[in-house]
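Spelled out from the first residue to the last, the chains are:
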Amino acid sequence: MTNQTFDAFGIWKEMYDRTESAFRDSIQSTLEQPAFAEGLGQVQKQYLQYQGLVNGMTESYLKQVNVPSRDEIASIASLVINVESKLIDLEDQLDVQEDAHDSHAKEIKQLKTTVNRLDKKLDTVIELLTKQVEAKAAATPTPKAAPQKPLTPAPNAQVKTAATPAAKNTPQTKK
């Protein structure tokens, strides 16, 4: 008796190689024939016609039931995208204007504080000048003045009045 083991993998591999070479040769010869290429072209042409027919029927059905088609939804989506981009541009412009407004507000606040400081300094200067003038007035003696008589016209005296414009333009006569 001989000691041989059964090798199932080897048998399977040998059968696979023989079958693969036979199929490869037959498929290669079929692919090289012009009739196969014509048949494949016919199948592709029929598929495209079928696909066009289904698309046309689907579109007409969607119109009848008042449902938007894929193209209409894509068109609306592009419009929405355009609106979103315009909104983003507007938001950017608003941000720029807001930043400018904030910087102007800061400048105005700084100006207010500066004006307030100047106002306080001017008040201090005015107080000091007033005190200085009062001190000078208190330090210099004032001469005593003689009592003055009230300025009332005498009973028979003529009262001079301001000349009216008509009186200024008239020639005066000598007496």
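No experiment lies behind these values; they were computed from the predicted model shown.

**Q** Sorry, what's going on with the overall build of the protein here?
**A** The helix and strand inventory of the protein stands at four helices and zero strands. Traced from its N-terminal end to its C-terminal end, the protein shows the element sequence α-α-α-α. When the accessible surface of the protein is summed, it comes to about 17600 Å², and 60% of that surface belongs to carbon and sulfur atoms.

**Q** What am I meant to see in the pattern of salt bridges here?
**A** A side chain of one charge can pair with a side chain of the opposite charge when the charged atoms of the two come close. If you walk through the whole model with that rule in mind, you get four salt bridges. A salt bridge links Lys13 to Asp17, with the shortest nitrogen-to-oxygen separation between them at 3.3 Å. With Lys13 and Asp17 both in helix α1 (residues 8-31), this residue pair falls four residues apart, about one helical turn. With a relative accessible area of 34%, Asp17 lands in the partly exposed category. Between Glu14 and Arg18 there is a salt bridge whose closest N-O contact spans 2.6 Å. Linking Glu14 with Arg18, this pair stays in helix α1, spanning four residues, or about one helical turn. Given a relative accessible area of 57%, Arg18 falls into the exposed group.

**Q** Could you clarify how one ought to interpret the packing of aromatic side chains in this entry?
**A** Across all of its chains, the model carries two aromatic pairs by this definition. Centroid distance Trp12 to Tyr16: 5.9 Å. Interplanar angle 20°. Geometry classified as stacked. On the criterion of helical spacing, the pair formed by Trp12 and Tyr16 is a turn pair, its members being four residues apart in helix α1. Put simply, the rings of Phe9, Trp12 and Tyr16 pair up and form one aromatic cluster.

**Q** Quick question: what am I supposed to make of unusual backbone geometry here?
**A** Excluding glycine, most residues fall at negative phi; most peptide bonds, likewise, are trans. Of note in the backbone geometry, Asn66 takes a positive phi value of approximately 60° without being a glycine. Relative to the helices and strands, Asn66 is located in the loop between α2 (34-64) and α3 (70-139).

**Q** Any chance you could explain a negative patch on the surface here in plain terms?
**A** A grouping of Asp89, Glu91, Asp92, Asp95, Glu98, Asp99 and Asp102 is seen on the molecular surface, where their side chains present a negatively charged patch. Among the structural elements, Asp89 can be located in helix α3.

**Q** Explanation requested: a nonpolar patch on the surface in the structure shown.
**A** Together, Phe23, Ile27, Leu31, Phe36 and Leu40 make up a nonpolar patch on the protein surface, roughly 490 Å² of accessible area in all. Looking at the nonpolar patch, the elements with two or more residues in it are α1 and α2. When residues in the nonpolar patch are grouped by element, the largest group, three residues, is from α1. As for its position among the elements, Leu40 is in helix α2.

**Q** Hey, could you run me through α2 in this one?
**A** An α-helical segment advances 3.6 residues per turn. Residues three or four places apart therefore align on the same side. Over its 31 residues, α2 runs 45 Å from end to end, which matches the ideal 45 Å to within 8%, given 1.5 Å per residue. Asn66 occupies a position one or two residues after α2 and carries a positive phi of about 60°.

**Q** Can you walk me through the confidence of the model for the protein in this structure?
**A** Any segment with low pLDDT has predicted coordinates that should not be analysed in fine detail. Per-residue pLDDT for the protein averages 83, and the proportion of residues at 70 or more is 79%. Model confidence for the protein, summarised as mean pLDDT per element, is weakest for helix α4 (residues 165-169) at 49 and strongest for α2 at 93. A low-confidence stretch, residues 161-169 (pLDDT under 50), is modelled with one contact involving residues beyond four sequence positions or located in other chains.

The rules behind each value
Residues numbered from 1 in each chain as written. Predicted model: local features only at pLDDT ≥ 70, side-chain atom pairs only at ≥ 80, totals over all residues. Heavy atoms only, no water. Helix = DSSP H or I, 4+ residues; strand = E, 2+ residues; numbered from the N terminus. Areas by Shrake-Rupley, 256 points an atom, 1.4 Å probe, with all protein chains shown as cover. Salt bridge = Lys/Arg side-chain N within 4 Å of Asp/Glu carboxyl O. Buried < 20%, exposed > 50% of the residue type's maximum accessible area, 1.4 Å probe, protein only. Phe/Tyr/Trp six-rings, centres within 6.5 Å; stacked < 30°, edge-to-face > 60°. Patch = residues over 30% accessible without salt bridge, like charges linked within 9 Å, V, L, I, M, F, W, Y side chains within 5 Å. Lys, Arg positive; Asp, Glu negative; His and termini not counted. Charge placed at Lys NZ, Arg CZ, Asp CG, Glu CD. Expected span 1.5 Å × (residues − 1). pLDDT = per-residue confidence, 0-100. Contact = heavy atoms within 4.5 Å.

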